[in-house]
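Notes for the structure review
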Amino acid sequence: MKGLLPALNRLMPLMMVIFLVLASIQIALSLHLSLHSITHVLQWCAPAWPILAVSGIILTVAGLLFETRAEKLARKGLLRRRGFIMDVLARLTNRAALEEMMAREQRETTIDAEELAANLRARVIGQDQVCEDVAAQLRRRLALQVRGKPVGIFLLAGPPGTGKTYLAKQLARQLERPLLHFDMTQMSSPHAATQLFGSPKGYVGSDTYGKLTGGLKEKPDAVVLLDEIEKAHPDVFKKFLTAWNDGHITEASTGQQISTVRAIFVLTSNIATDALTEIADRLHDDPDRMRAESVEALRQAGFAPEVLNRLDRIFIFRPLQGLDIARVAALEIETMIESYGLKVETGGIDATLLMDVMRRQSRMGDAASARDLVRSIEDMISESLIVARQQGANMVRLVKEDDGAVVAKVADNRTDEGDGIHARLIP
């Protein structure tokens, strides 16, 4: 039977010709047409035969060319069939947008590592090497056709406030993936695993999915950010081992296995920062030894060995120094000004003000983080921005005067020079 169907498909044109001939004979008999009258009609239509013949040849050749091209396109997965009747997708949704989403999902398997690294470097200040390494790792892992574990399990280690969490968020944005963010400081008890993986039947909360299992069921290609992973309870760690090793997690309320092979797991940690920074400085040209010593340093600091064994890569963040502090400060000032409903002029941040921020950060020592920097900036400029907004300003520029006061000079649409709104710099 399987061999008969293809044969019948190939004979379909001949069968159609036979059907048309028989139908014509039946019509002639039903109309009582004689052979002489049929011949007379054919002779009367004789001038049209060449035109019909040429048209038939053209249509036949066009059909053959279309079928040949369609077959080649179908092999490449590019064939788009558009019938004369409106497609249901064109009628009920935005078909072009859906096709673009499908094409983007297919393109994701091969990303441009250089472009991704450049976009990350532009947003995560002072961690250029980490951005390049992360982009290169993701390019290799997303290109794999067969994968029995997540796309990547990456640990971002280093001092607090150096951009670890921000990098994970930017990674999700640049790859156009959803972000599942979990603060692991809230998972310090043995019962906290139920928040992520659900509760067994009969227990409170067993009628709903866990936050992680439910999130991955709806968004299997998510970036899963586990912030400050070292503060999670060991029982929570054990639940993740199956997700990282076997490529699935189990929802406790239903027993359903949910795949993790399309997800990217990003872990952040603040432990052993001094030892890791020293190792990164000393062995930056020897990645194998750097990984081995980093793993040992994390193990001695109390990191679970079974977790370390399942990490794909460990990326070490460096403390912010020099102009990197100025870059972060400038971005934070711009963000703070915009949060007050204002805009900053081009070149509108006084370089002296940024130098004060850098000195203040230096006085705090190596323990200073980007959060400390934000607090310093808020103390300096927030009051002047509030007054500027109350006076109806649209745009400001920040200037530090000789007496140490930070002035928000108003520059709205009506004038380039406005009244100075003062806020005393807190030393």
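Details of the structure are given in the entry above.
Residues numbered from 1 in each chain as written. Predicted model: local features only at pLDDT ≥ 70, side-chain atom pairs only at ≥ 80, totals over all residues. Heavy atoms only, no water.

**Some remarks on the overall build of the chain**
We apply this condition: What counts as a helix is a DSSP run of H or I of at least four residues, what counts as a strand is a run of E of at least two, and both are numbered from the N terminus. To sort residues, take the accessible area from a 1.4 Å probe on protein chains only and compare it with the maximum for the residue type: under 20% means buried, over 50% means exposed, and anything in between is partly exposed. Should any heavy atoms of two residues lie within 4.5 Å, those residues are counted as being in contact. Surface accessibility follows the Shrake-Rupley procedure with a 1.4 Å probe radius. Residue values consider only the protein chains on display as shielding.
Each helix and strand in the chain was counted, giving 18 helices and eleven strands. Classification of the 427 residues of the chain by burial places 37% in the buried group. The contacts in the chain between residues at least 6 apart in sequence include a share of 65% that link residues at least 24 apart. On the chain, roughly 25700 Å² of surface is accessible, and the fraction owed to carbon and sulfur atoms is 56%.

**A word on the packing of aromatic side chains**
Quick note on the threshold: By convention, a stacked pair of Phe, Tyr or Trp rings (six-membered ring in the case of Trp) has centres within 6.5 Å and planes under 30 degrees apart, an edge-to-face pair has planes over 60 apart, and any other such pair is tilted.
Under the defined criterion, the tally for this structure stands at five aromatic pairs. Taking 5.3 Å as the distance between ring centres and 75° as the angle between the ring planes, the aromatic pair formed by phenylalanine 197 and phenylalanine 240 counts as edge-to-face. Taken together, the residues span a long stretch of sequence, with phenylalanine 197 in helix 10 (residues 193-197) and phenylalanine 240 in helix 12 (residues 234-245) at a distance of 43 residues. For phenylalanine 197, a relative accessible area of 3% translates into the label buried.

**Focus: the nonpolar core**
We count it as follows: Only buried residues count toward a nonpolar core. Its members are Ala, Val, Leu, Ile, Met, Phe, Trp, Tyr and Cys residues joined through side-chain atoms within 4.5 Å.
Within the largest apolar cluster, 46 residues are counted, with the highest numbers of intra-cluster contacts made by Met184, Leu216, Leu226, Phe240, Trp244, Phe265 and Leu267. If you tally residues by element for this core, the top one is helix 12, at six residues. In contact with methionine 184, other than residues within four places in its own chain, are Leu196, Leu226, Asp227, Glu228, Ile229, Lys231, Ala232, Val236 and Phe240. In this structure, Val130, Val134, Val151 and Ile264 belong to the second largest nonpolar core, which totals 26 residues.

**Structural notes on the side chain of serine 269**
Which entries qualify depends on this criterion: Here a polar contact means two N or O atoms within 3.5 Å. Within protein one must be a hydrogen donor candidate and the other an acceptor candidate, and residues neighboring in sequence count only if both atoms are side-chain atoms.
Its location among the elements puts serine 269 in strand 6 (residues 264-269). A distance of 3.1 Å separates polar atoms of two side chains, one belonging to serine 269 and the other to glutamate 230. Look past the residues within four positions of serine 269 in its chain and what remains in contact with it is Leu155, Leu156, Ala157, Gly158, Lys164, Ile229, Glu230 and Phe303.

**Regarding the packing of helix 13 (residues 273-282) against helix 14 (residues 287-300)**
Condition: Only the stretch in contact is used when a helix axis is fitted, and all axes are lines through C-alpha atoms; the angle between N-to-C directions ranges over 0 to 180 degrees. Roughly parallel means an angle under 35 degrees; roughly antiparallel, over 145; roughly perpendicular, 65 to 115; everything else is oblique. When residues are sorted by character, Ala, Val, Leu, Ile, Met, Phe, Trp, Tyr, Cys and Pro go into the nonpolar class, Asp, Glu, Lys and Arg into the charged class, and all the rest, Gly among them, into the polar class.
For the pair helix 13 and helix 14, the least separation of the axes is 10 Å and the interaxial angle reads 170°. Our classification of the angle between helix 13 and helix 14 gives roughly antiparallel. Each of Ala275, Leu276, Ile279, Ala280 and Arg282 in helix 13 lies in contact with helix 14, whose residues at this interface are Arg289, Met290, Glu293, Ser294, Ala297 and Leu298. When the residues that make up the contact of helix 13 with helix 14 are grouped by side-chain class, the tally is seven nonpolar, one polar and three charged.

**Some words on empty space enclosed by the protein**
Using the following cut-off: Buriedness for pockets is judged along seven lines, at least five of which must meet protein on both sides within 12 Å for an open set on the 1 Å grid over protein atoms alone, while cavities are sets there where a 1.4 Å probe fits but cannot get out, and lining residues have an atom within 4 Å of a point. Grid points are joined across faces, edges and corners, and a volume is the space filled by probe spheres set on the points.
Enumeration over the complete set of coordinates arrives at one cavity of 30 Å³ or more. Counted as a void, the largest cavity has a volume near 30 Å³. Lining the largest cavity are Val134, Phe154, Leu156, Leu167, Ala168, Leu171 and Val266. Contributing elements (two or more residues each) for the lining of the largest cavity: strand 1 (152-157) and helix 9 (164-174). No other element matches helix 9, which puts three residues into the lining of the largest cavity.

**Topic: helix 14**
What counts is decided by this rule: Here the expected span of a helix is defined as 1.5 Å times the quantity of residues minus one. The reported arc concerns the directions from the helix axis to the C-beta atoms and nothing else.
A rise of 1.5 Å per residue sets the reference length of helix 14, with its 14 residues, at 20 Å; its end C-alpha atoms lie 20 Å apart and thus fit the reference within 8%. Among all positions in helix 14, only Met290, Ser294, Val295, Ala297 and Leu298 are buried. All buried residues of helix 14 fall inside an arc of 165° around its axis, so they share one side. In helix 14, the exposed positions that point more than 90 degrees away from the buried face belong to Asp288 and Gln300. Summarising the contacts, the buried residues of helix 14 are in contact with strand 1, helix 13, helix 15 (305-308) and strand 7 (313-316).

**Some words on the pattern of salt bridges**
Put simply, the rule reads: The salt bridge definition used is simple: a Lys or Arg side-chain nitrogen within 4 Å of an Asp or Glu carboxyl oxygen.
Under the counting rule described, the total for this entry stands at eleven salt bridges. Lysine 231 is the partner of glutamate 228 in a salt bridge, and the nearest nitrogen-oxygen pair spans 2.5 Å. Using a relative accessible area of 42% as the deciding quantity, one classes lysine 231 as partly exposed. Between glutamate 296 and arginine 299 there is a salt bridge, with its nearest N and O atoms 3.2 Å apart. Linking glutamate 296 with arginine 299, this pair stays in helix 14, spanning three residues, or about one helical turn. Taken together, the shared-partner salt bridges in this structure form one network comprising Glu278, Arg282, Arg289 and Glu293.

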